[in-house]
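Structural characterization, general
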Amino acid sequence: MTMTCYSEDYRTARTRLLSAAQALGGWTHEAIAHPLAGADGGPLYMDVLWRGPQDATRVLTISSGTHGVEGFCGSALQLQLVEDAPALPPDMALMLVHAVNPYGFSHLRRVNEDNVDLNRNFVDFTADTPENDAYAAIDALLNPAELPDGAMAAITAELDRMRATTDYLSMLKAVSGGQYAFPRGVQYGGSAPAWSRRTVEALWARRLADRRVVVQIDLHSGLGASGVGMLMMAADEGEPHKALTAEWFGPMLVTPRPRSRADTILGGYMNQAMETQLAGVRVAPMTLEYGTEPSEVVLAAMIEDNWLVHHGDPAGERGRRIKARLLRAFYPADPSWRAAVLARGREVFAQALSGLGAPDLEERLTP
Ligand SMILES: [Zn+2]
(Lines give C-alpha, C1' and ligand atoms only; values in the text may rest on other atoms or scores of the structure.)
Protein backbone atom coordinates (compact mmCIF):
# COMPACT_ATOMS: atom_id res chain seq x y z
CA MET A 1 0.00 0.00 0.00
CA THR A 2 2.55 2.53 1.11
CA MET A 3 4.75 2.49 -1.97
CA THR A 4 1.81 3.61 -4.07
CA CYS A 5 1.83 6.99 -2.30
CA TYR A 6 4.59 8.17 -4.63
CA SER A 7 3.92 9.95 -7.90
CA GLU A 8 6.23 11.00 -10.70
CA ASP A 9 4.73 14.38 -11.62
CA TYR A 10 2.89 17.23 -9.93
CA ARG A 11 -0.43 16.60 -11.69
CA THR A 12 -0.61 12.95 -10.65
CA ALA A 13 0.45 13.74 -7.09
CA ARG A 14 -2.23 16.43 -6.74
CA THR A 15 -5.00 14.39 -8.33
CA ARG A 16 -4.29 11.37 -6.18
CA LEU A 17 -4.22 13.35 -2.95
CA LEU A 18 -7.52 15.09 -3.69
CA SER A 19 -9.16 11.89 -4.93
CA ALA A 20 -8.14 10.02 -1.78
CA ALA A 21 -9.46 12.81 0.46
CA GLN A 22 -12.77 12.84 -1.40
CA ALA A 23 -13.12 9.04 -1.46
CA LEU A 24 -12.31 8.58 2.23
CA GLY A 25 -14.38 11.53 3.39
CA GLY A 26 -14.01 13.87 6.33
CA TRP A 27 -11.96 16.48 4.46
CA THR A 28 -12.91 19.88 3.06
CA HIS A 29 -10.89 21.23 0.15
CA GLU A 30 -9.88 24.66 -1.07
CA ALA A 31 -7.87 25.16 -4.27
CA ILE A 32 -5.96 28.40 -4.72
CA ALA A 33 -5.00 28.96 -8.37
CA HIS A 34 -1.48 30.03 -9.29
CA PRO A 35 -1.23 32.60 -12.13
CA LEU A 36 1.05 30.48 -14.33
CA ALA A 37 0.69 27.10 -16.05
CA GLY A 38 2.38 23.85 -15.13
CA ALA A 39 4.95 21.92 -17.15
CA ASP A 40 2.08 20.02 -18.81
CA GLY A 41 0.26 23.26 -19.72
CA GLY A 42 -2.43 22.65 -17.08
CA PRO A 43 -3.35 24.89 -14.15
CA LEU A 44 -1.36 25.02 -10.92
CA TYR A 45 -2.78 25.20 -7.41
CA MET A 46 -1.86 25.43 -3.81
CA ASP A 47 -4.39 23.04 -2.25
CA VAL A 48 -5.66 23.13 1.31
CA LEU A 49 -7.27 20.10 2.95
CA TRP A 50 -8.94 20.44 6.34
CA ARG A 51 -10.08 17.67 8.67
CA GLY A 52 -11.82 18.16 12.00
CA PRO A 53 -13.98 20.92 13.47
CA GLN A 54 -13.83 24.27 11.66
CA ASP A 55 -13.61 25.98 15.06
CA ALA A 56 -11.00 23.67 16.62
CA THR A 57 -8.66 25.56 18.94
CA ARG A 58 -5.68 23.32 18.14
CA VAL A 59 -4.42 22.71 14.62
CA LEU A 60 -1.67 20.55 13.18
CA THR A 61 -0.57 21.96 9.82
CA ILE A 62 1.58 19.97 7.41
CA SER A 63 2.91 21.66 4.29
CA SER A 64 4.71 20.30 1.23
CA GLY A 65 6.58 21.63 -1.77
CA THR A 66 7.87 24.90 -0.32
CA HIS A 67 10.96 23.95 -2.31
CA GLY A 68 9.01 22.85 -5.41
CA VAL A 69 10.78 19.64 -6.42
CA GLU A 70 10.91 18.51 -2.77
CA GLY A 71 7.11 18.23 -3.08
CA PHE A 72 7.37 14.67 -4.40
CA CYS A 73 8.50 13.49 -0.98
CA GLY A 74 6.11 15.76 0.93
CA SER A 75 3.11 14.95 -1.23
CA ALA A 76 3.61 11.20 -0.68
CA LEU A 77 3.69 11.80 3.08
CA GLN A 78 0.47 13.79 2.89
CA LEU A 79 -1.23 11.12 0.78
CA GLN A 80 -0.22 8.43 3.27
CA LEU A 81 -1.70 10.53 6.07
CA VAL A 82 -4.99 10.94 4.18
CA GLU A 83 -5.10 7.19 3.54
CA ASP A 84 -4.42 6.56 7.22
CA ALA A 85 -7.61 8.55 8.02
CA PRO A 86 -6.28 9.60 11.43
CA ALA A 87 -8.67 9.93 14.36
CA LEU A 88 -8.26 13.38 15.86
CA PRO A 89 -8.42 14.26 19.54
CA PRO A 90 -11.40 16.48 20.44
CA ASP A 91 -11.17 20.16 19.52
CA MET A 92 -8.36 19.48 17.09
CA ALA A 93 -8.05 19.91 13.32
CA LEU A 94 -5.55 18.93 10.68
CA MET A 95 -4.65 21.24 7.79
CA LEU A 96 -2.62 19.97 4.85
CA VAL A 97 -1.13 22.54 2.50
CA HIS A 98 -0.15 20.79 -0.73
CA ALA A 99 2.38 22.44 -3.07
CA VAL A 100 3.25 25.73 -1.40
CA ASN A 101 5.34 26.32 -4.55
CA PRO A 102 3.35 24.51 -7.25
CA TYR A 103 5.36 26.08 -10.10
CA GLY A 104 8.62 24.59 -8.83
CA PHE A 105 6.93 21.25 -8.10
CA SER A 106 5.54 20.99 -11.63
CA HIS A 107 8.54 22.42 -13.49
CA LEU A 108 11.06 20.50 -11.37
CA ARG A 109 12.72 23.46 -9.72
CA ARG A 110 13.55 23.94 -6.07
CA VAL A 111 12.86 27.66 -6.47
CA ASN A 112 9.72 29.36 -7.76
CA GLU A 113 8.74 31.00 -11.07
CA ASP A 114 11.05 33.97 -10.33
CA ASN A 115 14.08 31.90 -9.29
CA VAL A 116 13.24 32.68 -5.66
CA ASP A 117 14.00 30.31 -2.81
CA LEU A 118 10.77 30.75 -0.83
CA ASN A 119 12.49 29.86 2.41
CA ARG A 120 14.59 33.03 2.00
CA ASN A 121 11.68 35.21 0.83
CA PHE A 122 9.98 35.87 4.18
CA VAL A 123 12.05 38.96 4.96
CA ASP A 124 10.92 42.56 5.42
CA PHE A 125 11.30 44.01 1.93
CA THR A 126 10.36 47.48 3.16
CA ALA A 127 13.66 47.51 5.06
CA ASP A 128 17.15 46.85 3.69
CA THR A 129 17.37 43.21 2.60
CA PRO A 130 20.09 41.14 4.29
CA GLU A 131 23.57 41.36 2.82
CA ASN A 132 25.57 38.28 2.03
CA ASP A 133 29.09 39.29 1.04
CA ALA A 134 30.25 35.71 1.30
CA TYR A 135 27.81 34.71 -1.45
CA ALA A 136 28.81 37.67 -3.59
CA ALA A 137 32.38 36.40 -3.50
CA ILE A 138 31.38 33.02 -4.96
CA ASP A 139 28.48 33.96 -7.24
CA ALA A 140 30.68 33.46 -10.29
CA LEU A 141 31.49 29.96 -9.08
CA LEU A 142 27.89 28.94 -8.28
CA ASN A 143 26.24 30.85 -11.12
CA PRO A 144 28.45 30.52 -14.21
CA ALA A 145 27.22 31.76 -17.59
CA GLU A 146 29.02 28.88 -19.28
CA LEU A 147 28.94 25.34 -18.00
CA PRO A 148 30.65 23.02 -20.45
CA ASP A 149 30.02 19.31 -19.98
CA GLY A 150 32.28 18.14 -17.16
CA ALA A 151 32.74 21.60 -15.60
CA MET A 152 30.75 20.63 -12.52
CA ALA A 153 33.66 18.51 -11.28
CA ALA A 154 35.91 21.59 -11.14
CA ILE A 155 33.23 23.62 -9.32
CA THR A 156 32.73 20.84 -6.80
CA ALA A 157 36.51 20.57 -6.26
CA GLU A 158 36.76 24.32 -5.65
CA LEU A 159 33.86 24.14 -3.14
CA ASP A 160 35.60 21.22 -1.39
CA ARG A 161 38.78 23.29 -1.17
CA MET A 162 36.80 26.19 0.33
CA ARG A 163 35.08 23.89 2.82
CA ALA A 164 38.47 22.68 4.04
CA THR A 165 39.67 26.22 4.74
CA THR A 166 36.45 27.93 5.89
CA ASP A 167 34.57 27.40 9.14
CA TYR A 168 31.28 25.51 8.80
CA LEU A 169 28.89 28.37 9.57
CA SER A 170 30.62 30.83 7.24
CA MET A 171 30.46 28.26 4.46
CA LEU A 172 26.82 27.53 5.23
CA LYS A 173 25.95 31.22 5.06
CA ALA A 174 27.83 31.70 1.78
CA VAL A 175 26.28 28.73 -0.01
CA SER A 176 22.84 28.41 1.65
CA GLY A 177 22.21 31.59 3.62
CA GLY A 178 20.20 33.34 0.94
CA GLN A 179 21.16 36.40 -1.12
CA TYR A 180 19.19 39.33 -2.49
CA ALA A 181 21.60 40.81 -5.03
CA PHE A 182 21.86 38.20 -7.80
CA PRO A 183 18.43 37.39 -9.30
CA ARG A 184 19.93 34.65 -11.49
CA GLY A 185 22.09 33.29 -8.70
CA VAL A 186 21.38 30.34 -6.42
CA GLN A 187 19.59 30.80 -3.09
CA TYR A 188 18.07 34.09 -4.31
CA GLY A 189 15.56 35.48 -1.81
CA GLY A 190 13.71 37.79 -4.22
CA SER A 191 12.93 41.50 -4.25
CA ALA A 192 9.32 41.36 -3.00
CA PRO A 193 6.97 38.86 -1.33
CA ALA A 194 6.39 36.01 -3.82
CA TRP A 195 2.96 34.63 -4.79
CA SER A 196 3.48 31.63 -2.50
CA ARG A 197 4.37 33.84 0.44
CA ARG A 198 1.40 36.15 -0.07
CA THR A 199 -0.88 33.14 -0.47
CA VAL A 200 0.22 31.27 2.65
CA GLU A 201 0.18 34.44 4.72
CA ALA A 202 -3.41 35.09 3.66
CA LEU A 203 -4.23 31.45 4.44
CA TRP A 204 -2.75 31.74 7.94
CA ALA A 205 -4.73 34.92 8.56
CA ARG A 206 -7.95 33.26 7.35
CA ARG A 207 -7.60 29.83 8.92
CA LEU A 208 -5.19 30.02 11.85
CA ALA A 209 -5.17 33.48 13.43
CA ASP A 210 -7.96 32.69 15.93
CA ARG A 211 -6.61 29.33 17.17
CA ARG A 212 -4.90 28.77 20.49
CA VAL A 213 -2.18 26.32 19.43
CA VAL A 214 -0.71 25.62 15.99
CA VAL A 215 1.92 22.95 15.39
CA GLN A 216 3.45 23.26 11.95
CA ILE A 217 5.53 20.68 10.08
CA ASP A 218 7.03 21.81 6.76
CA LEU A 219 8.21 18.83 4.71
CA HIS A 220 11.56 18.99 2.91
CA SER A 221 14.12 16.70 1.30
CA GLY A 222 17.76 17.05 0.31
CA LEU A 223 19.58 17.64 3.60
CA GLY A 224 21.05 15.13 6.03
CA ALA A 225 21.74 11.41 6.03
CA SER A 226 19.98 9.43 3.31
CA GLY A 227 16.51 8.25 4.28
CA VAL A 228 16.68 9.85 7.74
CA GLY A 229 13.87 12.27 8.55
CA MET A 230 15.28 14.87 10.93
CA LEU A 231 13.04 17.30 12.76
CA MET A 232 14.47 20.80 12.99
CA MET A 233 13.39 23.97 14.72
CA ALA A 234 14.68 27.32 15.94
CA ALA A 235 14.32 27.88 19.67
CA ASP A 236 16.31 29.21 22.57
CA GLU A 237 16.97 27.41 25.82
CA GLY A 238 13.97 27.84 28.10
CA GLU A 239 11.36 28.32 25.37
CA PRO A 240 8.41 26.11 26.31
CA HIS A 241 7.89 24.58 22.85
CA LYS A 242 11.49 23.35 22.84
CA ALA A 243 11.03 21.21 25.95
CA LEU A 244 7.55 20.07 24.96
CA THR A 245 8.43 18.96 21.44
CA ALA A 246 11.51 17.16 22.80
CA GLU A 247 9.08 15.07 24.87
CA TRP A 248 6.91 14.36 21.85
CA PHE A 249 9.58 13.54 19.30
CA GLY A 250 12.82 12.82 21.12
CA PRO A 251 16.06 14.27 19.75
CA MET A 252 15.65 17.11 17.24
CA LEU A 253 18.05 19.55 15.64
CA VAL A 254 17.35 22.78 17.53
CA THR A 255 19.24 25.88 16.43
CA PRO A 256 19.35 28.94 18.70
CA ARG A 257 17.61 32.04 17.42
CA PRO A 258 19.95 34.59 15.85
CA ARG A 259 20.87 37.54 18.09
CA SER A 260 21.35 40.04 15.28
CA ARG A 261 21.19 40.40 11.52
CA ALA A 262 24.91 39.71 11.25
CA ASP A 263 24.36 36.57 13.32
CA THR A 264 21.63 35.28 10.97
CA ILE A 265 22.75 32.27 8.98
CA LEU A 266 19.47 31.27 7.34
CA GLY A 267 17.02 34.17 7.42
CA GLY A 268 13.63 34.69 5.83
CA TYR A 269 12.20 31.20 6.15
CA MET A 270 8.51 30.41 6.26
CA ASN A 271 8.24 28.91 9.74
CA GLN A 272 9.78 32.00 11.30
CA ALA A 273 7.20 34.19 9.53
CA MET A 274 4.39 31.98 10.80
CA GLU A 275 5.50 32.58 14.39
CA THR A 276 5.63 36.32 13.79
CA GLN A 277 2.33 36.57 11.97
CA LEU A 278 0.32 34.38 14.35
CA ALA A 279 1.21 36.61 17.25
CA GLY A 280 -1.69 35.64 19.51
CA VAL A 281 -1.31 31.90 18.89
CA ARG A 282 1.12 29.50 20.56
CA VAL A 283 3.02 28.26 17.50
CA ALA A 284 5.48 25.37 17.38
CA PRO A 285 6.91 25.37 13.85
CA MET A 286 9.15 22.56 12.70
CA THR A 287 10.76 21.27 9.55
CA LEU A 288 10.89 17.57 8.76
CA GLU A 289 13.93 17.24 6.52
CA TYR A 290 14.82 13.99 4.76
CA GLY A 291 18.36 13.31 3.63
CA THR A 292 18.80 12.12 0.05
CA GLU A 293 22.28 12.42 -1.48
CA PRO A 294 25.54 13.85 -0.07
CA SER A 295 25.36 17.65 0.18
CA GLU A 296 27.87 18.22 -2.65
CA VAL A 297 25.73 16.12 -5.00
CA VAL A 298 22.61 18.09 -4.06
CA LEU A 299 24.37 21.42 -4.47
CA ALA A 300 25.82 20.37 -7.83
CA ALA A 301 22.32 19.47 -9.03
CA MET A 302 21.05 22.91 -7.98
CA ILE A 303 23.94 24.71 -9.71
CA GLU A 304 23.40 22.77 -12.94
CA ASP A 305 19.65 23.41 -12.86
CA ASN A 306 20.18 27.12 -12.24
CA TRP A 307 22.56 27.30 -15.19
CA LEU A 308 20.15 25.33 -17.38
CA VAL A 309 17.20 27.65 -16.73
CA HIS A 310 19.14 30.87 -17.30
CA HIS A 311 21.68 29.89 -19.93
CA GLY A 312 20.93 26.43 -21.31
CA ASP A 313 18.28 24.54 -23.28
CA PRO A 314 15.87 22.72 -20.92
CA ALA A 315 14.30 20.85 -23.85
CA GLY A 316 17.61 19.50 -25.16
CA GLU A 317 19.17 16.16 -24.35
CA ARG A 318 21.58 17.61 -21.79
CA GLY A 319 18.77 19.67 -20.30
CA ARG A 320 16.74 16.54 -19.72
CA ARG A 321 19.70 14.84 -18.03
CA ILE A 322 20.16 17.83 -15.72
CA LYS A 323 16.46 17.80 -14.84
CA ALA A 324 16.59 14.07 -14.13
CA ARG A 325 19.58 14.57 -11.82
CA LEU A 326 17.81 17.38 -9.98
CA LEU A 327 14.68 15.28 -9.50
CA ARG A 328 16.64 12.34 -8.11
CA ALA A 329 18.76 14.56 -5.85
CA PHE A 330 15.56 15.47 -4.01
CA TYR A 331 13.43 12.42 -4.79
CA PRO A 332 15.43 9.19 -4.88
CA ALA A 333 13.93 6.23 -6.70
CA ASP A 334 15.36 3.68 -4.24
CA PRO A 335 12.44 1.69 -2.76
CA SER A 336 14.13 1.37 0.64
CA TRP A 337 14.58 5.17 0.81
CA ARG A 338 10.93 5.65 -0.07
CA ALA A 339 9.76 3.13 2.50
CA ALA A 340 11.90 4.72 5.23
CA VAL A 341 10.47 8.16 4.43
CA LEU A 342 6.90 6.98 4.83
CA ALA A 343 7.59 5.00 8.01
CA ARG A 344 9.28 7.99 9.65
CA GLY A 345 6.49 10.32 8.52
CA ARG A 346 3.84 8.10 10.03
CA GLU A 347 5.78 8.07 13.30
CA VAL A 348 6.22 11.87 13.43
CA PHE A 349 2.60 12.65 12.54
CA ALA A 350 1.33 10.22 15.19
CA GLN A 351 3.61 11.81 17.79
CA ALA A 352 2.41 15.29 16.84
CA LEU A 353 -1.27 14.32 16.97
CA SER A 354 -0.84 12.65 20.31
CA GLY A 355 1.10 15.62 21.70
CA LEU A 356 -1.52 18.08 20.51
CA GLY A 357 -4.19 16.09 22.31
CA ALA A 358 -2.60 16.52 25.76
CA PRO A 359 -5.03 18.22 28.18
CA ASP A 360 -2.35 20.43 29.75
CA LEU A 361 -0.95 21.54 26.37
CA GLU A 362 -1.67 25.24 26.73
CA GLU A 363 -0.24 25.52 30.24
CA ARG A 364 2.87 23.73 29.05
CA LEU A 365 3.26 26.14 26.14
CA THR A 366 2.84 29.26 28.25
CA PRO A 367 6.15 30.93 28.98
ZN1 LIG B 1 13.89 22.30 1.33
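Throughout what follows, the structure given in this document is the object of discussion. The model shown is predicted, which means the values in this text are computed figures rather than measured ones.

At their nearest, the axes of helix 5 (residues 151-165) and helix 10 (residues 295-311) sit 11 Å apart, and the two run at 130° to each other. Of the possible angle classes, the one that applies to helix 5 and helix 10 is oblique. Between helix 5 and helix 10 lies a crossing whose hand is right-handed. Across the interface between the two elements, Met152, Ile155, Thr156, Leu159 and Arg163 of helix 5 pack against Glu296, Leu299, Ala300, Ile303 and Glu304 of helix 10. Its residues placed into classes, the contact of helix 5 with helix 10 shows 6 nonpolar, 1 polar and 3 charged.

What follows covers helix 1 (residues 10-24). Counted at 1.5 Å a residue, the expected span for helix 1 with its 15 residues is 21 Å, and the 21 Å between its end C-alpha atoms agrees. Along helix 1, the residues classified as buried are Tyr10, Ala13, Arg14, Leu17, Leu18, Ala20 and Ala21. On an axial view of helix 1, the arc spanned by its buried residues comes to 155°, and they lie on one face. Summarising the geometry of helix 1, the exposed residues directed more than 90 degrees from the buried face are Gln22 and Ala23.

What follows deals with the coordination of the zinc ion. Around the zinc ion, the protein contributes the donor atoms His67 (ND1), Glu70 (OE), Glu70 (OE) and His220 (ND1), at 2.1 to 2.7 Å from the metal centre. One can describe the site at the zinc ion as irregular: its 4 donor atoms subtend angles covering 53 to 140° at the metal. The motif formed by the donor residues of the zinc ion, counted along the single chain, is H-x2-E-x149-H. Classification of His67 as buried rests on a relative accessible area of 4%. The exposure class of Glu70 is buried, given its relative accessible area of 2%.

Taken residue by residue, helix 4 (residues 133-142) has Tyr135, Ile138, Asp139, Leu141 and Leu142 as its buried positions. An end-on view of helix 4 places all buried positions within 160° of arc, on one side of the element. Those residues of helix 4 that are exposed and angled more than 90 degrees off the buried face are Asp133, Ala137 and Ala140. On its buried face, helix 4 sits against helix 5, helix 6 (168-176) and helix 10.

With that settled, the discussion passes to the pairing of strand 8 (residues 282-291). For strand 8, the tally of buried residues reaches 9 of 10 residues, placing the bulk of the element in the interior. Direction of pairing for strand 5 (residues 213-226) relative to strand 8: parallel, over a ladder of 10 bridges. Within the sheet, the bridge partner assigned to Gln216 lies in strand 8 and is Pro285. As defined by bridge partners, strand 6 (residues 229-234) adjoins strand 8 across 4 bridges and the pair is classed as antiparallel. Of the residues in strand 8, the one forming a bridge with Met230 is Glu289.

Our next topic: unusual backbone geometry. At Ala85, a residue that is not glycine, the phi angle is positive and equals roughly 45°. Structurally, the position occupied by Ala85 is in the loop between helix 2 (71-84) and strand 4 (92-98). The phi angle at Asp91 is positive, at roughly 65°, despite the residue not being glycine. Considering the arrangement of structural elements, one finds Asp91 in the loop between helix 2 and strand 4.

Analysis parameters
Residues numbered from 1 in each chain as written. Predicted model: local features only at pLDDT ≥ 70, side-chain atom pairs only at ≥ 80, totals over all residues. Heavy atoms only, no water. Axes fitted to C-alpha atoms, helices over the stretch in contact; angles between N-to-C directions. Helix = DSSP H or I, 4+ residues; strand = E, 2+ residues; numbered from the N terminus. Parallel < 35°, antiparallel > 145°, perpendicular 65-115°, else oblique. Left-handed = near helix turned anticlockwise from the far one by under 90°. Contact = heavy atoms within 4.5 Å. Nonpolar A, V, L, I, M, F, W, Y, C, P; charged D, E, K, R; others polar. Expected span 1.5 Å × (residues − 1). Buried < 20%, exposed > 50% of the residue type's maximum accessible area, 1.4 Å probe, protein only. Arc of directions from axis to C-beta. Donors = N, O, S within 2.8 Å, 3.2 Å for Na, K, Ca; no water. Tetrahedral: all angles 85-135°; square planar, octahedral: opposite > 155°, others 65-115°. Pairing = 2+ DSSP bridges.

Keep in mind these numbers describe shape, not what the thing actually does.
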